[in-house]
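# Chains, contacts and geometry: an overview
If you want the building blocks of each chain, they are given just below.
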Amino acid sequence: MNTTINDNQGKSISSPLSLGEGQGDEAFITGAEALMKALQEEGVKTIFGYPGGSIMPVFDALYDYTRGEKKAFDHILVRHEQAAAHAAQGYARVSGEVGVCLVTSGPGATNTMTGVADAMMDSTPIVVIAGQVGTSVLGTDAFQEVDLVGLAQPISKWSYQIRRPEDVAWAVSKAFYIARTGRPGPVVLDFPKNAQTHTTAWKPARVDFVRSYVPYPKLDDSCVAAAAELINKAEKPLALIGQGVELAGAQNELIEFLEKADIPAARTLLGLSALPSNHPLNMGMLGMHGNYGPNIKEQECDVLIAVGMRFSDRVTGLPSTYAKQAKVIHLDIDLAEINKCVRADVPVVGDCKVSLPAITRLLKKNTHKEWKESFAHYEEQEQENVIVPAIHPSEGPLLMGEVVHAVAEATKGEAVLVTDVGQNQMFAARYFQYHRKRSVVTSGGLGTMGFALPAAVGATFGAPERTVCMFCGDGGFQMSIQELGTIMEQQAPVKMILLNNNYLGNVRQWQDMFFNHRKSFTKMLNPCYEQIALAYGIPYVAVTERGLLQEAINKMLTTDGPFLMECAIKEDDNVLPMTPPGKSVNEMLLHIDC
């Protein structure tokens, strides 16, 4: 995980750009209005938030900046502060900009912490600005006081308390600089009430340097040369593509690299849209529920090239047996990821938008025809045993895979995929299609149920020109169902596909496989979602049989604004293939005997 940057531990310090009140001829403004101006300086257009007592001066200033001549921002009122953080994540993931959320102190701030942790795990740039009690009562257990800086330190890139209005411009500029540079991540600003109401002379600040923080390491030419030499000599190279490629905007550089050396590639969950689904060198998805071929071939390749990925346990399976035969080249911007999970023979530390073309220049034009063709055998097995039965069943209840596949076909690989966590996530990742960059919004590292609804709202604001398709299970849907209120108010055009199997499906699958079918508290009693959709004024259709699916999808996609399509799914549908926990990736199962 990227290095956390904390330099004040919650203590009051003077910033290098502090202004004395009354210096110069600048007009005096409150700290709250200074925040508005600082956000304008950063190019912020959309804020997700929820007001409360300790942030009220900021919301009062925001009033003028959301209407009339001063209008600079759209503020999206969510229904829960955790949703503000997830919406900011969805916005950031599809737009490439920093997502912003604005909340109050105490429970308002702590409610965002799951979103902050999620953003840290998945390298998503967001800035959380939270109100705080006045500095005169800090440490007294005042109403809705909590040590936010202390809470946020382990799960953010930087956390800071703005104690003086004259420090607002500097702190905001630094927050955005840290959030968006290097390996992106979340920043938390704690804003005591007196700093919001006191006045200062306004002067913009620009931070583009932080001592001891090196966001873009200098490439080591010897490592670049060593990587190219290994690849040129490789007979069975395999590239593993992660989200780092998209974060760097290096999709074109990746394709040039792969095509010059003719390297087959597989993608992580978060890196799915870094390489188009229909690219001939794309061999599928890595991981516990990824595609059969690339998982098997990780154990056969002679050179493994990891680009912008962190060797998650969901990718490696049993680490002690993972790719022991291969020389490992690891390209990553974060030095902390090198040798953390898998030892790299050649580490290439730097921005892959720079490191990929540096290696490509040294590569020989190559072909690996036999090696690429060797994937076909495993693809055929997966097609026969898993894919065809999952997306083209001949009888029985609806399956998750066929619903996802049908939506993917209808959207022609152009839509943004947003998922919740669980079986819906794995089926959606496997059977959706990705032809455009920044097309996947999902909770990878933290696995946050309830992520999908608010993240999808954020995605509609981050990419308003694109169709946003959200897949969710009945469990995750109910964890953030209040955000239907946000969707209703904003008429956010989220196409919601509710895969309802009346179970916490992923846990149920594990209970069946590893706990002797003892389904302990995974059966769900669900409400009438039709009536809930009606209450929120959201168009709804139920799909209870296969023959109704295509018509329902067409209706969903041609209806302006939001839409909820509920699909009655087979209760014991299982995600396959699967690498059981504690097993090697080449022990992947194509079927379950239980």
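Notes on the structure in this doc start here. What you see is a predicted model; the values in this text were computed from it and never measured.

Residue leucine 576 is joined to proline 577 through a cis peptide bond whose omega torsion reads -5 degrees. Residue placement: proline 577 occurs in the segment after strand E20 (563–568). Positive phi, normally seen in glycine, also occurs at arginine 438, with a value near 50 degrees. Note on placement: arginine 438 falls in the loop between helix H18 (423–431) and strand E16 (440–441). What makes arginine 438 buried here is its relative accessible area of 17%. Here the phi dihedral of histidine 517 falls at roughly 60 degrees; this positive angle occurs in a residue that is not glycine. Of note, histidine 517 is situated in the loop between helix H22 (505–514) and helix H23 (529–535).

Both the distance between ring centres and the angle between the ring planes are used here to describe each pair of aromatic rings. Taken as a whole and assessed by the stated rule, the structure comprises 15 aromatic pairs. A ring pair is formed by phenylalanine 432 and phenylalanine 471, whose centres lie 5.9 Å apart and whose planes are at 75 degrees; its orientation type is edge-to-face. With phenylalanine 432 in the loop between H18 and E16 and phenylalanine 471 in strand E17 (residues 468–473), the pair connects residues that are 39 residues apart, well separated along the chain. Residue classification places phenylalanine 432 among the buried residues on the basis of a relative accessible area of 1%. Its relative accessible area of 0% is what places phenylalanine 471 among the buried residues. Grouped by ring-pair contacts, the aromatic residues Phe48, Tyr91 and Phe461 constitute a single cluster.

The full count for this structure, using the stated rule, is two cavities of 30 Å³ or more. In this model, the largest cavity occupies a volume close to 60 Å³. Every residue lining the largest cavity is listed: Arg93, Gln243, Glu246, Leu247, Leu270, Arg438, Ser439 and Val440. Partitioning the lining of the largest cavity into residue classes produces three nonpolar, two polar and three charged. Quantified by volume, the second largest cavity comes out at close to 40 Å³. Contributing to the lining of the second largest cavity are ten residues, with Pro165, Glu166, Ala169, Ala201 and Trp202 lying nearest its centre.

Before going further, it helps to spend a moment on the sheet that holds E16. Read from one edge of the open sheet, six strands run E16-E15-E17-E18-E20-E19, paired in parallel fashion. Either end of the sheet is taken by a strand with one partner, and the two such strands are E16 and strand E19 (540–543). Relative to E17, strand E15 (residues 416–419) runs parallel, the two being bridged by four bridges. For valine 418, the partnering residue across the bridge sits in E17 and is methionine 470. Running over the sheet, helix H19 (residues 452–462) touches E15, E16, E17 and strand E18 (494–500) and is turned about 175 degrees from E17.

An order of E3-E2-E4-E5-E7-E6 is seen for the six strands of this open sheet, with the pairing classed as parallel. The sheet is open, and its two edges are formed by strand E3 (74–77) and strand E6 (158–161), each paired on a single side. Shown here is a sheet whose adjacent strand axes are inclined to one another by a mean of 20 degrees, direction ignored. In the sheet, E6 pairs with strand E7 (residues 187–192) via four bridges, with the strands oriented parallel. Across the sheet, the residue bridging to serine 159 is valine 188, located in E7. With respect to the sheet, helix H3 (residues 81–95) is in contact with strand E2 (46–49), strand E4 (99–103) and strand E5 (126–132), its orientation differing from that of E4 by roughly 165 degrees.

What counts and how
- Residues numbered from 1 in each chain as written.
- Predicted model: local features only at pLDDT ≥ 70, side-chain atom pairs only at ≥ 80, totals over all residues.
- Heavy atoms only, no water.
- Helix = DSSP H or I, 4+ residues; strand = E, 2+ residues; numbered from the N terminus.
- Buried < 20%, exposed > 50% of the residue type's maximum accessible area, 1.4 Å probe, protein only.
- Phe/Tyr/Trp six-rings, centres within 6.5 Å; stacked < 30°, edge-to-face > 60°.
- 1 Å grid on protein atoms, 1.4 Å probe; cavity = no way out; pocket = protein on both sides within 12 Å on 5 of 7 lines; lining within 4 Å.
- Points joined across faces, edges and corners; volume = space filled by probe spheres on them.
- Nonpolar A, V, L, I, M, F, W, Y, C, P; charged D, E, K, R; others polar.
- Pairing = 2+ DSSP bridges.
- Contact = heavy atoms within 4.5 Å.
- Axes fitted to C-alpha atoms, helices over the stretch in contact; angles between N-to-C directions.

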